[in-house]
Amino acid sequence: MIRHYIKFSFRALRRQGGYVAINIMGLAIGMACALMIALFIMHELSFDRHHENMDRIYRVGLHGIFSGQEVKAAYTASPMGAAMLADMPEVESFLRVNVWDETIIQHEDDFYIEQHFMEADSSFFDFFSIPVIRGNKTTALTEPYSIVVSESAAKRIFGDEDPIDQSIRIANMPNHYRVTAVMSDMPANSHLFADMIASFTTNPRANDNSWLSNSFFTYIMLHPGANADAVVDRFEDMIVKYVGPQVRQLLGITIEDFINQGNTYNYFLQPLAGIHLDPTVEQHNHSATDPRYLWIFGAIGFLILVIASINFMNLSTAQATRRAKEVGMKKVIGSTKGMLVWQFVTETIVLSTIALGVALLIAELTMPWFNELLSLNLSLAYFSDWRVIPALIILVILVGFFAGSYPAFYLSSFNPGTVLKGKTGNGKQNTGLRKALTVAQFAISIMLITGSLIMFKQLNYMLNKDLGFDKENLLVIRQAQALGEQVQSFKTEAQNIPGVFSVSASTAVPGRSNNNNGYIIRGREEESFLMQTNWVDYDYLKTYRIELAEGRFFDPDMATDRQAVLLNQSAIDNYQLKDPFATRIICPSDHETIMPVIGVVSNFHFESLRNNIAPCILRFKNENINWGYVSIRIEPGMTRRVLEDTEQLWASFTANDPMLYVFLDEDFRRFYQEEQQNARLSVIFTLLAILIASLGLYGLTAFSLQQRVCEIGIRKTFGASVGNIWYLICKDVMILIALASLLAWPLIYWVAGNWLQNYHYRISLQISDFLLGLMVAVVIALLTISHRVISAASINPAISMRYQ
C-alpha cells in the first residue's frame with residue numbers, strides 16, 4: 001500500500017513541473033534554516049553537560065544590595081568552600097577557582113601568550129571530567145607552584161619533549177612552576193576553559209580568612225541524594241556565623257542591623273548546567289547566553305518553516321483545477337476520500353524528503369561559513385549522535401503533514417459529477433484562503449524585517465553612544481606589573497615617542513573594572529557604600545578625556561592630594577551627598593584612611609550599556625601600586641608607528657617580554673559580542689525567510705497571470721497600458737502587505753519592547769522603524785513580481801485572446 005502511494009506520488013509530482021521545484025526549494029531553505037538554528041540551540045544547551053557528576057555540582061554566588069547598589073556575582077570568599085564542607089552535611093567536597101586574564105609564559109628563552117589560565121584546588125578533576133593523559137590527577141595540583149597543561153599547550157611549548165617535571169615561568173611570579181600532569185584539551189562547550197591550571201595553594205590568599213573579600217569561584221559537590229534547597233536554607237546561619245563578626249568589626253554594627261538598614265547579604269547556588277544560560281550573574285571569564293535569545297531563534301526557525309509550508313499550501317490549492325479531473329476519475333472508480341487524502345499527504349512527504357536532501361546539502365555547504373561567522377564549531381553528527389536521524393525523520397513527517405494536510409483535504413473534497421463536467425471554477429474557490437495565507441506570510445516577514453532593523457539600531461546605538469570619555473586612538477597595555485617599579489620611567493619614555501599625546505597608569509580602564517570596594521562616609525558610619533575603585537595617576541583625565549564636573553583633579557604640587565579622592569556624579573546622586581567637598585571617605589580595608597573629596601567627574605561608562613552607571617571612586621595611584629594598565633593616547637594617523645616604537649620600548653624595560661595590549665575601541669566591542677552575533681543571525685534568517693516568501697509570491701503571481709491571460713488581453717484591447725496592468729496586479733499584493741503589517745506591528749512592538757528592557761540605555765521605538773520594515777517588504781514584493789507582470793502585460797492581445 002505504501003509503495004502504491006509513493007509510486008503515484010512521484011507520477012503526480014512530475015506532472016506539476018516548475019511548481020514542484022518552487023515548493024522543493026522553499027521547503028529545503030526552510031528546513032536548512034531550521035536545522036542550523038536547531039544546531040545552534042543544541043550547542044548552547046550542551047554546555048557543561050558532559051561532566052559525570054553534573055547533577056550534583058553547583059557554583060556558589062553572592063547576591064546582595066549595599067546602599068541601593070545590587071550585586072549578583074559568581075565571586076565568593078576564599079574560606080567559603082571549606083566552611084560549607086565543615087558545616088553542611090549535604091556537601092561532599094568543594095573547589096575554588098581563580099581565572100586569570102591572558103598571561104605570559106616563559107620556557108627557557110621562549111615566550112608565549114596564554115589566553116586561558118587559571119588556578120584551581122586539587123579537587124578540580126573530581127568535579128570536571130577532563131581526562132588526565134600523563135601524571136596523577138589526585139596529586140597534580142596539591143603542591144604550590146604545580147601546574148597541569150593541556151595536550152595542545154604541551155605540544156606548543158615543549159614540542160616532542162616530555163613535559164612532566166619541566167619548569168616554566170608564569171608572568172612575574174617569583175618562582176618557576178613545575179608541570180605535574182598533562183590533560184586532554186577541554187571541550188569548547190564548557191563555561192570553564194583553560195589550557196593551563198596552576199595549583200590554588202600558590203595563591204597568596206589561599207588561606208585567607210576574610211569573608212568580605214569576594215574574588216574566587218567556589219563550587220560544591222553534594223552527596224548523592226542530597227537536597228540543594230537544604231544547603232540554601234543553611235546560608236543564613238553561615239552568614240551570621242562568619243560574615244557577621246567581620247561586618248561588626250568593619251562597620252561597628254551587627255549583621256542584623258546592617259540588613260535592617262535596607263541592605264541584603266545572601267548566597268545562592270547555580271546548577272552547573274545552568275551557568276551558561278544565566279546572564280544575570282556577573283562572571284568575567286565567560287559570556288553567558290540569554291535563554292530568551294534561544295526562544296527567539298527557535299521561534300524564527302519555526303516561523304520560517306511556517307512560511308515554507310504556506311508556500312506549499314498556496315501553490316497546491318491554486319493548482320486545484322489541474323488535478324480536479326484526476327480526483328473525479330479516481331472517485332468514480334472507487335477511491336474514497338480517505339485514500340485520496342493519504343495519496344496527497346504521501347506526495348507532500350515525498351516532496352519533503354527530497355527537500356530534506358537539498359536542505360542537508362545546503363547546510364553542509366554553508367556550515368563552514370556559518371561557523372566562521374559565529375566563532376562556533378557546529379557539525380551535523382549523523383551517526384555519532386543517535387538522536388539526529390530520528391529527528392530528521394520526524395522533521396520530514398511533521399512538515400509533510402503540516403504543509404500537505406489542508407491541500408489534501410481540499411483536493412479530495414471535489415464532487416466527481418461537478419469536476420468531470422469541467423465545472424472547476426478555475427481555481428478561484430479558495431482565493432480567500434490563499435490571500436489569508438499570503439497575509440500570514442507577509443506578516444511573519446515584516447515581523448522579522450522590523451525586528452532585525454530594531455536589533456541593529458540598538459546595537460549601533462550602543463557602539464556609537466557617547467561614553468563620557470574618548471575611546472578612540474587609545475592603546476592600553478595590560479599587565480603593567482611586568483614593569484615593576486619602572487612604571488613612571490616607562491611613562492616618561494613613552495611620552496617622548498613621536499605621535500604620543502599623553503600616557504597614564506591606572507589599576508583599571510573602562511571595560512575592565514576589577515575592584516568593587518566598600519567604603520564608609522564620615523557621619524554615616526553605620527552604612528556601607530559600594531563603589532568601583534580605580535587608582536589613577538595625574539594624567540588619567542587628560543588621557544581619557546573625562547570631563548571634570550566640579551572641583552579639581554590630582555595636583556602634583558599638592559602633597560595632600562595623594563590621600564584625596566574624586567567621585568563620579570552617580571556616587572553623588574545615589575548616596576545623596578549634598579556637599580561633596582565636605583565629605584570624607586573612609587576605607588576600612590586600608591587602615592581606615594580618611595580621604596577628602598576634591599572633585600567630581602561627569603559620569604562615564606566603565607561597563608556595558610546594559611547596566612546603569614554605578615558609583616565610582618578615583619584614588620591616587622602611588623609608587624607602591626605597580627599592577628594594572630598603562631594607557632597611551634595616540635595622535636590620529638600615528639597608530640602603527642607609535643605601536644612599533646612602544647613595543648621596542650617595552651622590550652627594553654622588560655627583557656623582551658611580549659607586550660599584551662588592546663585598542664580600547666575594539667576592546668569595548670566585546671561587551672556586545674552576543675548582540676553582534678545575534679544580529680547577524682537575525683539578518684541571515686530574515687533574508688532567507690524573505691527568499692522563501694518571494695518564491696511563493698512569484699509562483700502565485702505566475703499562476704494568477706495564467707488564469708488572467710484573457711482578461712489582460714481584453715483590457716489591452718480597450719486601451720490599457722502595461723503600466724495600467726502592472727498597477728492592477730500589484731495593487732492586490734500591496735493591499736495584502738498592508739493588512740499583514742497591521743497584524744505584524746502590534747506583535748513586533750510587544751516583542752521588541754520587552755527585548756529592549758534588557759538594556760538600561762536603549763533606543764525608543766519610533767513609527768519610522770515600523771514604516772521602514774513595511775517599505776522593505778513592499779520593495780521586495782514589487783521586485784519579485786514586477787518582471788513577471790510586465791512580461792505578461794507585454795504579450796500581444798491577439799495572442800492572449802486565443803486562450804479564450
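What counts, and where the lines are drawn
Residues numbered from 1 in each chain as written. Predicted model: local features only at pLDDT ≥ 70, side-chain atom pairs only at ≥ 80, totals over all residues. Heavy atoms only, no water. Helix = DSSP H or I, 4+ residues; strand = E, 2+ residues; numbered from the N terminus. Buried < 20%, exposed > 50% of the residue type's maximum accessible area, 1.4 Å probe, protein only. Contact = heavy atoms within 4.5 Å. Patch = residues over 30% accessible without salt bridge, like charges linked within 9 Å, V, L, I, M, F, W, Y side chains within 5 Å. Areas by Shrake-Rupley, 256 points an atom, 1.4 Å probe, with all protein chains shown as cover. Salt bridge = Lys/Arg side-chain N within 4 Å of Asp/Glu carboxyl O. Lys, Arg positive; Asp, Glu negative; His and termini not counted. Charge placed at Lys NZ, Arg CZ, Asp CG, Glu CD. Phe/Tyr/Trp six-rings, centres within 6.5 Å; stacked < 30°, edge-to-face > 60°. Lys NZ or Arg CZ within 6 Å of the ring centre and 35° of its normal. Expected span 1.5 Å × (residues − 1). Core = buried A, V, L, I, M, F, W, Y, C linked by side-chain atoms within 4.5 Å. Arc of directions from axis to C-beta. pLDDT = per-residue confidence, 0-100. Pairing = 2+ DSSP bridges.

### Description of the overall build of the protein chain
Here comes step 1: The number of helices and strands found in the protein chain is 23 helices and 24 strands.
Here comes step 2: Buried positions account for 53% of the 804 residues belonging to the protein chain.
Here comes step 3: Here the analysis covers contacts within the protein chain between residues at least 6 apart in sequence; of these, 80% occur between residues at least 24 apart.

### Focus on the side chain of Gln-246
Here comes step 1: Turning to its location among the elements, Gln-246 is positioned in helix H6 (residues 228-251).
Here comes step 2: Beyond its immediate chain neighbours, meaning those up to four positions away, Gln-246 contacts Asn-209, Ser-210, Trp-211 and Leu-212.

### Re a nonpolar patch on the surface
Here comes step 1: Taken together, Trp-342, Ile-389, Ile-393, Ile-397 and Phe-401 make up a surface patch of nonpolar side chains, about 450 Å² in accessible area.
Here comes step 2: With 4 residues, helix H11 (residues 388-411) is the largest single contributor of residues to the nonpolar patch.
Here comes step 3: With respect to the helices and strands, the residue Ile-397 is situated in helix H11.

### Some details on a negative patch on the surface
Here comes step 1: Together, Glu-108, Asp-109, Asp-110 and Glu-161 give the surface a local cluster of negative charge.
Here comes step 2: With respect to the element layout, Asp-109 can be found in the loop between strand S4 (103-107) and strand S5 (110-114).
Here comes step 3: Look at Asp-109 and you get exposed, because its relative accessible area is 69%.

### With respect to the packing of aromatic side chains
Here comes step 1: Taken as a whole and judged by the stated rule, the model has 28 aromatic pairs.
Here comes step 2: On the numbers, 5.1 Å between centres and 40° between planes, the contact of Phe-124 with Phe-128 is tilted. For the pair shown, Phe-124 and Phe-128 are each scored as buried.
Here comes step 3: Ring geometry for Trp-745 and Phe-770: centres 6.4 Å apart, planes at 75°, overall edge-to-face. On the criterion of sequence distance, the pair formed by Trp-745 in helix H21 (residues 722-756) and Phe-770 in helix H22 (residues 767-793) is long-range, its members being 25 residues apart.
Here comes step 4: With relative accessibility at 6%, the residue Phe-770 sits in the buried group.
Here comes step 5: Through successive ring pairs, a cluster of aromatic residues spans Phe-469, Tyr-540, Tyr-544, Phe-604, Phe-606 and Phe-668.
Here comes step 6: Above the ring of Tyr-761, the side-chain terminus of Lys-465 is found at 5.1 Å from the ring centroid.
Here comes step 7: The ring of Phe-501 carries Lys-542 above its face, with NZ or CZ at 5.6 Å from the centroid.

### Examining helix H17 (residues 639-654)
The periodicity of an α-helix, 3.6 residues per turn, causes residues three or four positions apart to be oriented the same way.
Here comes step 1: Here H17 is 16 residues long and its end C-alpha atoms lie 22 Å apart, about the 22 Å a rise of 1.5 Å per residue gives.
Here comes step 2: The secondary structure elements touched by the buried residues of H17 are strand S14 (474-477), helix H14 (487-495), strand S15 (500-506), strand S23 (629-634) and strand S24 (661-663).
Here comes step 3: Where H17 ends, the next residue or the one after it, Ala-655, has phi of about 55°, a positive value.

### Things to note about the nonpolar core
Here comes step 1: Ranked by size, the top nonpolar core spans 97 residues in total, and within it Tyr-544 and Phe-685 carry the most contacts.
Here comes step 2: Ranked by residue count, the leading element in this core is helix H2 (residues 18-45), at 15 residues.
Here comes step 3: Among all residues touching Phe-685, those that are not within four sequence positions of it are Cys-33, Met-36, Ile-37, Ile-300, Ile-304 and Phe-370.
Here comes step 4: Counting 79 residues, the second-largest nonpolar core is a separate cluster that includes Phe-124, Leu-192, Val-243 and Ala-273.

### Quick notes on helix H20 (residues 709-717)
Here comes step 1: Of all the residues in H20, the buried ones are Val-709, Cys-710, Ile-712 and Gly-713. The arc enclosing the buried residues of H20, seen along the axis, measures out at 160°, which places them on a common side.
Here comes step 2: Looking one or two places after H20, you find Gly-719, whose phi comes out positive at around 105°.

### A closer look at the confidence of the model for the protein chain
Do not read the fine detail of predicted coordinates wherever pLDDT is low.
Here comes step 1: Per-chain confidence: the protein chain averages 84 in pLDDT, with 90% of residues scoring 70 or above.
Here comes step 2: Averaged pLDDT values for the elements of the protein chain fall to 46 in helix H1 (residues 2-15) and rise to 96 in strand S12 (residues 217-222).

### Some words on the pattern of salt bridges
One side chain can pair with another of opposite charge once the charged atoms of both are near each other.
Here comes step 1: Going through the model one piece at a time under the given rule, you end up with 23 salt bridges.
Here comes step 2: Residues Arg-478 and Glu-102 are paired through a salt bridge, measuring 2.8 Å at the closest nitrogen-oxygen approach. Highlighted residues: Arg-478 in the loop between S14 and H14 and Glu-102 in the loop between strand S3 (91-99) and S4, separated in sequence by 376 residues.
Here comes step 3: Looking at Glu-102, the relative accessible area reads 12%, which means it is buried.
Here comes step 4: The salt bridge partner of Asp-162 is Arg-134, with a shortest N-O separation of 3.1 Å.

### Focus: the pairing of S14
Here comes step 1: Across the two faces of S14 the burial is the same, with Leu-474 and Val-476 and Leu-475 and Ile-477 all buried.
Here comes step 2: Of the strand pairs in this sheet, S14 and S23 are connected by 4 bridges, and their pairing is antiparallel. Note that in S23 the partner of Leu-475 across the bridge is Ile-632.
Here comes step 3: The pairing of S14 with S24 spans 3 bridges and is antiparallel. Note that in S24 the partner of Ile-477 across the bridge is Tyr-661.

### Focus on the environment of Ala-77
Here comes step 1: Locating Ala-77 in the fold gives a position in the loop between strand S2 (69-73) and helix H3 (80-87).
Here comes step 2: Taking the C-alpha atoms as reference points, Ala-77 and Asn-214, separated by 137 residues in sequence, lie 4.3 Å from one another.
Here comes step 3: Apart from residues no more than four positions distant in its own chain, Ala-77 is found in contact with Ser-210, Trp-211, Ser-213, Asn-214 and Thr-218.

### Considerations on the environment of Phe-117
Here comes step 1: Relative to the helices and strands, Phe-117 resides in strand S6 (residues 117-120).
Here comes step 2: On the basis of relative accessibility, which here comes to 1%, the residue Phe-117 falls in the buried class.
Here comes step 3: Beyond its immediate sequence surroundings of up to four residues, Phe-117 is in contact with Val-99, Trp-100, Thr-103, Ile-147, Ile-170, Met-196 and Ala-198.

### Considering unusual backbone geometry
Here comes step 1: A positive phi is found at Asp-165, a non-glycine position, where the angle reads about 75°.
Here comes step 2: Within the secondary structure, Asp-165 sits in the loop between helix H5 (151-158) and strand S9 (167-170).
Here comes step 3: Even without a glycine there, the phi angle at Arg-545 is positive, about 55°.

### Description of the pairing of strand S1 (residues 57-66)
Here comes step 1: Buried residues dominate S1, accounting for 8 of its 10 residues.
Here comes step 2: Bridge count between S1 and S12: 4 bridges; the pairing is antiparallel. When the sheet's bridge partners are listed, Ile-57 is paired in S12 with Met-221.
Here comes step 3: Direction of pairing for S1 relative to strand S13 (residues 264-271): antiparallel, over a ladder of 8 bridges. Residue Arg-59 lies in a different strand from S13, and its bridge partner there is Gln-270.
Here comes step 4: When S1 meets S2, the two strands line up antiparallel, connected through 5 bridges. Within S2, the residue paired with Gly-64 across the bridge is Val-71.

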